[in-house]
Amino acid sequence: MMDPTLAEMGNHLSDAMKILESGKFQRILAIKHLKAFLILFLFLYFSDSGQDVVSILQLVQNLMHGDDDQQGHRRMQYVGEQGHMALLGHSLAAYISVLERERLRKLTTRILSDTTLWLCRLFRYENGSAYYHEDDREGLVKMCRLAINTHYEDYATEGFTLLSSKHPVIYQSAACRPGLGQHLCSQLGLPLSSLCIVPCNTMFGSLHQMDVALLDKLIRDDRESGKLPLLLIANAGTPGAGHTDKLSRLKELCVQYNMWLHVEGVNLATLVLGQVSSTVTAATKCDSITLTPGPWLGLPAVPAVTLYRHEDPALSLAAGLTSSQPVEKLRALPLWLSLQYLGHDGILQRIKHASQLVEDELNSPVVVFRFSQDSARKFSFLGCMCLGEQLAQQVPLSGVDVVELEDEGTCVRFSPLMTAAALGTQENDVAALVEKLGEMIPVLSCTLRFRQDFKDEVLQQASLSYIEDQSWPGLGGVRYEARTTDLDEDKRQYRVERINSDLLKKLMELDTDLYFSDGPEFCEEKNCIFIGMATEDLDVAELVETIVSIGRDIEESGKLFENMTEVVRRGIQEAEQQLQKANEEKLMEEGVLRQIPLVGSVLNWFSPVQASVKGRTFNLAEGIDVLKFEMH
């Protein structure tokens, strides 16, 4: 007897398939049945009898790689031996957590103290403590809590009622990562009015560094209004372009106003090198810094680390920076194993290698560039998007991506400190990136220059519609429109869809370097043809004329077929009418009795009917001649 759960699964799946195949577009009902099927399907994996290890591992493998055959092989992150050590740390942490309590305490204390000591020495942060956290923003949240507990002595007992009398203010650069300040306020229970965004320099100095003079004024204004300047977030490598704030000057300002200074950013990785920019070295004097060794060293699933200095252990405990739970100290275990495996030389080699992939690594190990063309300035966004996507696809080991900067707009970024260790980027990958960039820029320039010409040529053709889509990196899109007006809207749309579908196939068969497509994945326009990038030798007028000519031929042949179908349909109807008439005549001639099977046979035997043979013909050639006459 079939398991009732399996039977119910089969019913739900069958109902869903019938609904989808019926063409009734009852998608909501079909989805309802599919959800019920999936719930029962997952329930089977959580059966009463349990499953063996092999089956469970096979399930995990299917979940990880189940769509590879349909979507192509997806490149996974490069995991070297040091990465395996980090992954091993998570398994060991689970095993170690079941040790006897005193032994567990000694082991976790050793792991935590070793890792903290090594990180402080590596990153030149003397006499520091460490907090290990999964979310790289959590360390900053704890620093804010520590600053609040330091400035508000009775905060542990009085809570937020103390804050109403003297409103705390957190300052951050406008170049900080998006949403950071809002996250802090949410986690701390502070209103957004506690967050002050400090603009970058607008007249003097770098456009990407915090305006120190303006910050000084904002702090003085807040103090005069009865507020408490609490903490300043500075950058040693902004998220977008890798710029470093004037940390020495900011530290002086924080000392002057008794504020906490926290620093984060990719350039902190260079502190392990022998030669370090003085602007980055100033971070070692700040109150706290957040490190992300995972991407810097190619270590998967290792925690971020916030190094800080504070004299009062009680306040650190109140802020949640220390814990008496040994299991929480095991967060450092994957990093402890990986650092021992790499050693000082291995860590130095990886950071140095990534930094040297950029020519001016001492200034900033991040390169940001954008496409700009005077004759097509409004397409710089489109050009950068196209450039970034193409470079990422054709040179995947380079790790380039597309970023949005406040002043420059859309740009392409190469940040090897964040990607090289994980991807295994080498100098030849950078050379390939530069070479591909040199190939793409002329093509992109030609394409953007020809876009307006292509649009003008299309708009001159009555049979074509120009499709505007700023996300398409090529010449643009067109739609061939049916020229007839004697069809209703549904039939006209069907004809347009069929013509453009056939037209796209014909264009793709042409012997040309141009790329033809049905457009971006989320394009709102339907039944379109999009043309890709162009080279200098492209004749735009000839291209548009070719599209019109092929489309016209497809439309005419379609009309010929449709009219022939109509001629055949009329001929069949006429033949049916004649047959109907012949049957009526036969009935009148032979009588009703002869049409009754048994009676008719007896009558025909006694008195046979001498009926003449009458045939019917349908001349298809004559229909075609009529069709040709109608078309002319």
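This one's a predicted model, so the numbers in the text were calculated from it and none came from an experiment.

### As for helix α7 (residues 138–151)
Working step 1: With 14 residues, α7 extends 20 Å between its outermost C-alpha atoms, agreeing within 8% with the 20 Å of an ideal straight helix rising 1.5 Å per residue.
Working step 2: By the criterion of burial, α7 is predominantly enclosed, with 10 of the 14 residues buried.
Working step 3: Listing the buried residues of α7 in full gives Gly139, Leu140, Val141, Lys142, Met143, Cys144, Leu146, Ala147, Ile148 and Asn149.

### Things to note about a nonpolar patch on the surface
Working step 1: A contiguous nonpolar patch, built from Ile56, Val60 and Met64 and spanning about 260 Å² of accessible area, is present on the exposed surface.
Working step 2: Assignment of secondary structure puts valine 60 in helix α3 (residues 53–65).

### A look at the packing of aromatic side chains
Working step 1: In total, this model carries four aromatic pairs according to the counting rule given.
Working step 2: An aromatic cluster of at least three residues, connected via ring pairs, comprises Trp472, Tyr515 and Phe530.
Working step 3: Note that arginine 309 overlies the ring of tyrosine 125, its terminal NZ or CZ placed 3.8 Å from the centroid.
Working step 4: Here arginine 449 stacks its cationic end above the ring of phenylalanine 450, 5.2 Å away from the centre of that ring.

### Here's the deal with the sheet that holds strand β1 (residues 129–133)
Two pairing modes exist for strands in a sheet, parallel and antiparallel, and in both the strands are linked by backbone hydrogen bonds.
Working step 1: Read from one edge to the other, the open sheet built from seven strands follows the order β1-β7-β6-β5-β4-β2-β3, with strand pairing classed as mixed. If you trace the sheet from one side to the other, it starts and ends with β1 and β3 (195–198), each paired once. For this sheet the average axis-to-axis angle between neighbouring strands, irrespective of direction, equals 20 degrees.
Working step 2: Looking at chain direction, β1 and strand β7 (residues 304–308) are connected through five bridges and run antiparallel. Residue pairing across strands places tyrosine 131 opposite threonine 306, the latter belonging to β7.
Working step 3: Strands in contact with helix α11 (residues 212–224) are β2 (168–173), β3 and β4 (228–235); relative to β2, the strand with the most contacts, it is inclined by about 170 degrees.

### Examining unusual backbone geometry
Working step 1: With a phi close to 55 degrees, asparagine 258 is a non-glycine residue in the positive phi region.
Working step 2: Exposure remark for asparagine 258: the relative accessible area of 52% places this residue in the exposed category.
Working step 3: With a phi angle near 55 degrees, asparagine 527 is a residue other than glycine that sits in the positive phi range.
Working step 4: Mapping asparagine 527 onto the fold places it in the loop between β13 (516–517) and β14 (529–531).

### Let's talk about the nonpolar core
Working step 1: The biggest cluster of nonpolar side chains holds 82 residues, and the ones touching the most others in it are Tyr171, Leu215, Leu232, Leu250, Val263, Leu268 and Trp296.
Working step 2: If you tally residues by element for this core, the top one is helix α17 (residues 333–356), at nine residues.
Working step 3: Not counting residues up to four positions away in its chain, the partners in contact with valine 263 are Ala234, Asn235, Ala236, Leu247, Leu268, Ala283, Cys286, Ser288, Ile289 and Thr290.
Working step 4: By size, the runner-up hydrophobic cluster in this structure holds 28 residues, among which are Tyr131, Cys176, Cys185 and Leu315.

### A short note on the sheet that holds strand β11 (residues 464–467)
Working step 1: One open sheet holds the four strands; their spatial order is β11-β12-β14-β13, and the pairing between them is antiparallel. Edge strands, defined here as strands with exactly one partner in the open sheet, are β11 and β13.
Working step 2: Here helix α21 (residues 489–508) sits on the sheet and contacts β12 (476–480), β13 and β14; the angle it forms with β12, its principal contact strand, is near 125 degrees.

### Quick look at the side chain of threonine 419
Working step 1: Summarising the element assignment, threonine 419 is placed in helix α19 (residues 416–423).
Working step 2: Ignoring sequence-local partners within four residues, the contact set of threonine 419 consists of Ser398, Gly399 and Thr425.

### Remarks on the pattern of salt bridges
When their charged atoms lie close together, side chains carrying opposite charge are able to pair.
Working step 1: Applying the stated criterion to the full structure yields 15 salt bridges.
Working step 2: Note that glutamate 439 is salt-bridged to lysine 436, the shortest N-O span being 3.1 Å. Here lysine 436 and glutamate 439 lie together in helix α20 (residues 427–459), a separation of three residues that amounts to about one turn.
Working step 3: Salt bridges linked by common partners bring Asp136, Arg177 and Glu264 together as one network.

### Section: α20
Working step 1: Its 33 residues give α20 an end-to-end C-alpha distance of 48 Å, which sits within 8% of 48 Å, the value for a rise of 1.5 Å per residue.
Working step 2: Where α20 bends most, at phenylalanine 450, the angle is about 35 degrees.

### Points about the pairing of strand β10 (residues 409–414)
Working step 1: In terms of residue burial, β10 counts as a mostly covered element, since six of its six residues are buried.
Working step 2: Relative to β10, strand β8 (residues 367–369) runs antiparallel, the two being bridged by three bridges. Across the sheet, the residue bridging to valine 367 is phenylalanine 414, located in β10.
Working step 3: Judged from the five bridges that link them, strand β9 (residues 401–405) and β10 form a sheet pairing that is antiparallel. If you follow valine 402 over to β10, its bridge partner there is valine 412.
Working step 4: Hairpin connection, β9 to β10: the antiparallel pair is bridged by three residues.

### With respect to the environment of glycine 294
Working step 1: Mapped onto the elements of the fold, glycine 294 is located in helix α14 (residues 293–297).
Working step 2: Under the relative-accessibility criterion, glycine 294 is labelled buried at 9%.
Working step 3: Along the backbone, glycine 294 and alanine 422 are 128 residues apart, and their C-alpha atoms lie at a distance of 8.8 Å.
Working step 4: Those residues within four positions of glycine 294 in sequence are excluded, and the remaining contacts are Leu299 and Val302.

Cut-offs used in this document
- Residues numbered from 1 in each chain as written.
- Predicted model: local features only at pLDDT ≥ 70, side-chain atom pairs only at ≥ 80, totals over all residues.
- Heavy atoms only, no water.
- Helix = DSSP H or I, 4+ residues; strand = E, 2+ residues; numbered from the N terminus.
- Expected span 1.5 Å × (residues − 1).
- Buried < 20%, exposed > 50% of the residue type's maximum accessible area, 1.4 Å probe, protein only.
- Patch = residues over 30% accessible without salt bridge, like charges linked within 9 Å, V, L, I, M, F, W, Y side chains within 5 Å.
- Areas by Shrake-Rupley, 256 points an atom, 1.4 Å probe, with all protein chains shown as cover.
- Salt bridge = Lys/Arg side-chain N within 4 Å of Asp/Glu carboxyl O.
- Phe/Tyr/Trp six-rings, centres within 6.5 Å; stacked < 30°, edge-to-face > 60°.
- Lys NZ or Arg CZ within 6 Å of the ring centre and 35° of its normal.
- Pairing = 2+ DSSP bridges.
- Axes fitted to C-alpha atoms, helices over the stretch in contact; angles between N-to-C directions.
- Contact = heavy atoms within 4.5 Å.
- Core = buried A, V, L, I, M, F, W, Y, C linked by side-chain atoms within 4.5 Å.
- Bend = angle between axes of the 7 residues up to and from the residue.

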